[in-house]
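Fold and contact review
Single-letter residue listing:
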Amino acid sequence: MKLARPEADLYVPATGPSAGLTPAAALARTTHLCVIAHQDDIEINAYPAVAECYEKPGKYFTGVVMTNGAGSARTGRFAHVTDAEMQLIRRDEQRRAADIGKYSLQLQLAHASGDVKKPGHPGVAADLAAIFGGCGPALECVYLHQPADKHDTHVGCFLRCLEAIRALPRDQRPRRVLGVEGWRDLDWLADADKVAMNASPNPKLAEELVGVFESQIAGGKRYDRAAIGRRVANATMLSSHAVDSVEAVSFAMDLTPLVVDEKLSARDFTLAHIEKLRADVGGRLEKLG
Ligand SMILES: [Zn+2]
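Everything in this summary refers to the structure shown in the same document. (Residues numbered from 1 in each chain as written. Predicted model: local features only at pLDDT ≥ 70, side-chain atom pairs only at ≥ 80, totals over all residues. Heavy atoms only, no water.)

Right, let's get into the sheet that holds strand β8 (residues 249–254). Overall, mixed pairing links the eight strands, which are arranged β1-β4-β3-β2-β5-β6-β8-β7 in an open sheet. On the outer flanks of this sheet lie β1 (9–11) and β7 (194–198), each paired with one strand and no other. Taken over all neighbouring pairs, the strand axes of this sheet differ in orientation by 25° on average, direction set aside. Judged from the five bridges that link them, strand β2 (residues 32–36) and strand β3 (residues 61–67) form a sheet pairing that is parallel. (Pairing = 2+ DSSP bridges. Helix = DSSP H or I, 4+ residues; strand = E, 2+ residues; numbered from the N terminus. Axes fitted to C-alpha atoms, helices over the stretch in contact; angles between N-to-C directions.)

Take the side chain of Ser250 next. Note on placement: Ser250 falls in strand β8. Setting aside residues no more than four positions away along its own chain, Ser250 makes contact with Pro48, Glu181, Val195, Ala196, Met197, Ala199, Arg231 and Asn234. (Contact = heavy atoms within 4.5 Å.)

Quick look at the coordination of the zinc ion now. Donor atoms from the polypeptide that bind the zinc ion are His38 (ND1), Asp41 (OD), Asp41 (OD) and His154 (NE2), placed at 2.1 to 2.6 Å. Viewed at the metal, the four donor atoms of the zinc ion are separated by angles of 54 to 139°, and the geometry they form is irregular. Each donor residue of the zinc ion belongs to the same chain, with the gaps between them written as H-x2-D-x112-H. Of this pair, Asp41 sits in helix α2 (residues 41–45) while His154 sits in helix α7 (residues 152–166), placing them 113 residues apart in sequence. On the basis of relative accessibility, which here comes to 0%, the residue His154 falls in the buried class. (Donors = N, O, S within 2.8 Å, 3.2 Å for Na, K, Ca; no water. Tetrahedral: all angles 85-135°; square planar, octahedral: opposite > 155°, others 65-115°. Buried < 20%, exposed > 50% of the residue type's maximum accessible area, 1.4 Å probe, protein only.)

As a further point, take helix α6 (residues 122–134). Here α6 is 13 residues long and its end C-alpha atoms lie 18 Å apart, about the 18 Å a rise of 1.5 Å per residue gives. Inspection of α6 places Gly123, Val124, Asp127, Leu128, Ile131 and Phe132 among the buried residues, and these make up the whole buried set. Along the axis of α6, the buried positions cluster into a sector of 150°, meaning they face one direction only. (Expected span 1.5 Å × (residues − 1). Arc of directions from axis to C-beta.)

The probe, sized like a water molecule, is rolled over the atoms to show the empty space still left. The tally for this structure, following the rule as stated, stands at one cavity of 30 Å³ or more. Counted as a void, the largest cavity has a volume near 50 Å³. Every residue lining the largest cavity is listed: Ile44, Asn45, Glu181, Ala227, Arg230, Arg231 and Ser250. Counting residues per element, the ones that place at least two in the lining of the largest cavity are α2 and α10 (223–237). It is α10 that provides the largest number of residues to the lining of the largest cavity, a total of three residues. In the lining of the largest cavity, the residues fall into two nonpolar, two polar and three charged. (1 Å grid on protein atoms, 1.4 Å probe; cavity = no way out; pocket = protein on both sides within 12 Å on 5 of 7 lines; lining within 4 Å. Points joined across faces, edges and corners; volume = space filled by probe spheres on them. Nonpolar A, V, L, I, M, F, W, Y, C, P; charged D, E, K, R; others polar.)

Let us now look at the pairing of strand β6 (residues 177–180). A two-sided burial pattern is seen for β6, the buried positions comprising Val177 and Gly179 on one face and Leu178 and Val180 on the other. Where strand β5 (residues 141–145) and β6 come together, four bridges link them in parallel fashion. Within the sheet, the bridge partner assigned to His145 lies in β6 and is Val180. Handedness of the crossover joining β5 and β6 through α7: right-handed. When β6 meets β8, the two strands line up antiparallel, connected through three bridges. Each bridged residue has a counterpart across the sheet, and for Gly179 the counterpart in β8 is Met253. (Right-handed = clockwise from strand over helix to strand, strands pointing away.)

The computed volume of the largest pocket comes to approximately 590 Å³. Lining of the largest pocket is provided by 28 residues; of these, His38, Asp40, Trp183, Gln216 and Tyr223 occupy positions nearest its centre. Of all elements in the fold, only α2, α7 and α10 reach the threshold of two or more residues within the lining of the largest pocket. For the lining of the largest pocket, the element with the highest residue contribution is α10, accounting for four residues. The residue makeup of the lining of the largest pocket, split by class, is seven nonpolar, 15 polar and six charged.

Written as structure tokens, this is what we have:
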């Protein structure tokens, strides 16, 4: 398979279930596909997808990182690293995560953030058409950023993916699409609309996967602690009455309606969920006032 950027990285981990296959063959058998903005976004925000495929026969996880990691913050021992060097460091960290998590395939598209934020950017569109079009009937679920994220690149990434999926013939579109937490969690969704994904399996693996991204953690952000802490908090705070049935939960938003109905705007769909929150808060205050 051919990707638009010369620095794009196509990596089939030797530790994974597709070792020895071409990237196209590894993509074609994918059951769980995560397409996300940055190196470390998969491991922080979509761990349940990785866990669902980890050492499970017949399950194949493919991770796609859209941007090149150039503009990331840096301090400490990474303070003097140039943008070009940082891109290589982050590429290698992502490869290491793919090794540890035994992914079927890891693609890093190496686009500039600015290009991901542009509707219809030809290189981004061509890559996403190749990726979504290259998956086969085994594809069970696609994981994207959620539309109410507060990071422009995350939202751009979600919108470009939605455009690419909608461009596919109906019978080739993924059956299920979920939006995962990132730079905004999903606690604002009504409980009935939260997709609670079990993030409890293999806690050591979960920690190792977020710990790989040293260049980011050394930049002064404890993403490793924050990622695990959010999952534990989600599990406990989901319901005030029920006993915790799992130790760690990642929330997702069901985006499948946007794929089924291409006339439904992402904006209207998302704001309808916010209206539900407004009604819930207003209703409770009124009832008890
Ligand atoms: Zn990100």
